[in-house]
Amino acid sequence: MFRIFYKWFIACLFTFSFITSASAAAPTILSVQHKHDIKVVYDVNQSNMEAGIGQALYYVRGLLEAYKGQGIPMKQLHISVVVHGAAGYWLLKDPKYQDYVGNPFDVNPNDKVVRELVDHGVSVEICHVTMKAHHWKPEDILPEVKIVYDAYTRIIDLQMQGYAYVKFSE
């Protein structure tokens, strides 16, 4: 009886060992197939913050890192970040930023990341209609930022050019 139990026990251990080793195998991680002329437009109109900066800017920086990690050269990425609505103040120079947030000692935490993104070839853009609604002038906007006529026609135009659309919202 012990011998039968022993054989059964060894068989169960072998089967369990095989099942757990098979299930412990690392899953396959898929990488991008399209590796050139990658076009993305971000529609940013919510003022969500993450890690002390505008959430969309944080995620665009992460996207650059993700493509870099897969061996995609930055010159193959064409990314436009179209900022409008509640997120518009992210792109203000410090004096106007301070007025907007109501703190004369605050500095715009997005300034540095905007410069970094532009240095990596990202086009950071602000909607002129948003600017007009807040009485902001071109000289109030960070120098690296492009001013577009309005966000929606810009986004539509980029989509018509083959850009993938990413919407940032809460």
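Residues numbered from 1 in each chain as written. Predicted model: local features only at pLDDT ≥ 70, side-chain atom pairs only at ≥ 80, totals over all residues. Heavy atoms only, no water.

Draft legend 1. Expanded view of the nonpolar core. In this structure, Val44, Ile79 and Val81 are the most contacted members of the largest nonpolar core, which totals 33 residues. Listing elements by their share of this core, those giving two or more residues are strand 1 (38–44), helix 2 (55–69), strand 4 (77–83), helix 4 (110–119) and strand 5 (123–127). Here this core takes five residues from helix 2, the largest share from any one element. The contact partners of Val81, leaving out residues within four places of it in the chain, are Tyr42, Val44, Leu57, Val60, Val122, Ser123, Val124 and Glu125. Within the second largest apolar cluster, seven residues are counted, among which are Val82, Cys127, Ile155 and Leu158. (Core = buried A, V, L, I, M, F, W, Y, C linked by side-chain atoms within 4.5 Å. Buried < 20%, exposed > 50% of the residue type's maximum accessible area, 1.4 Å probe, protein only. Helix = DSSP H or I, 4+ residues; strand = E, 2+ residues; numbered from the N terminus. Contact = heavy atoms within 4.5 Å.)

Draft legend 2. Focus on the packing of helix 2 against helix 4. Two elements in contact, helix 2 and helix 4, have axes whose closest approach is 10 Å; the angle formed by their N-to-C orientations is 30°. Classified by chirality, the crossing of helix 4 by helix 2 is left-handed. Two secondary-structure elements touch here, helix 2 through Leu57, Val60, Arg61 and Leu64 and helix 4 through Asn110, Val113, Val114, Glu116 and Leu117. Each residue belonging to the contact of helix 2 with helix 4 can be placed in one class, and the counts come to six nonpolar, one polar and two charged. (Axes fitted to C-alpha atoms, helices over the stretch in contact; angles between N-to-C directions. Left-handed = near helix turned anticlockwise from the far one by under 90°. Nonpolar A, V, L, I, M, F, W, Y, C, P; charged D, E, K, R; others polar.)

Draft legend 3. Local environment of unusual backbone geometry. In the Ramachandran plot, Ala51 falls in the positive-phi region, its phi being about 55° despite a non-glycine side chain. Even without being a glycine, His135 presents a positive backbone phi close to 65°. Inspection of the secondary structure assignment puts His135 in the loop between helix 5 (128–134) and strand 6 (146–148).

Draft legend 4. A look at the environment of Arg115. Tracing the backbone through its elements, the reader meets Arg115 in helix 4. In the structure, Arg115 is positioned 30 residues away from Val145 in sequence and 8.9 Å away in space, judged by C-alpha atoms.

Draft legend 5. Representation of the sheet that holds strand 5 within the structure. Strand order in the open sheet formed by five strands is 6-5-4-1-7, and the pairing between neighbours is parallel. If you trace the sheet from one side to the other, it starts and ends with strand 6 and strand 7 (164–168), each paired once. Averaged over neighbouring strand pairs, the angle between their axes works out to 25° when direction is ignored. Inspection of the sheet shows strand 1 paired to strand 7 by five bridges, in the parallel sense. Of the residues in strand 7, the one forming a bridge with Val41 is Tyr165. Each of strand 1, strand 4, strand 5, strand 6 and strand 7 is contacted by helix 6 (residues 151–160), which is oriented at about 160° to strand 4, the strand it contacts most. (Pairing = 2+ DSSP bridges.)

Draft legend 6. Expanded view of the pairing of strand 1. The element strand 1 is largely enclosed, with a buried count of six among its seven residues. When strand 1 meets strand 4, the two strands line up parallel, connected through seven bridges. When the sheet's bridge partners are listed, Val41 is paired in strand 4 with Ser80.

Draft legend 7. Spotlight on the side chain of Asn45. Within the secondary structure layout, Asn45 lies in the loop between strand 1 and strand 2 (49–50). A distance of 3.4 Å separates the side chain of Asn45 from the side chain of Gln46, its partner in a polar contact. (Polar contact = N/O pair within 3.5 Å; in protein donor to acceptor, adjacent residues only side chain to side chain.)

Draft legend 8. Structural view of a nonpolar patch on the surface. On the surface, Tyr152, Ile156 and Met160 cluster together into a nonpolar patch covering about 380 Å² of accessible area. Along the chain, the position of Ile156 falls in helix 6. On the basis of relative accessibility, which here comes to 48%, the residue Ile156 falls in the partly exposed class. (Patch = residues over 30% accessible without salt bridge, like charges linked within 9 Å, V, L, I, M, F, W, Y side chains within 5 Å. Areas by Shrake-Rupley, 256 points an atom, 1.4 Å probe, with all protein chains shown as cover. Salt bridge = Lys/Arg side-chain N within 4 Å of Asp/Glu carboxyl O.)

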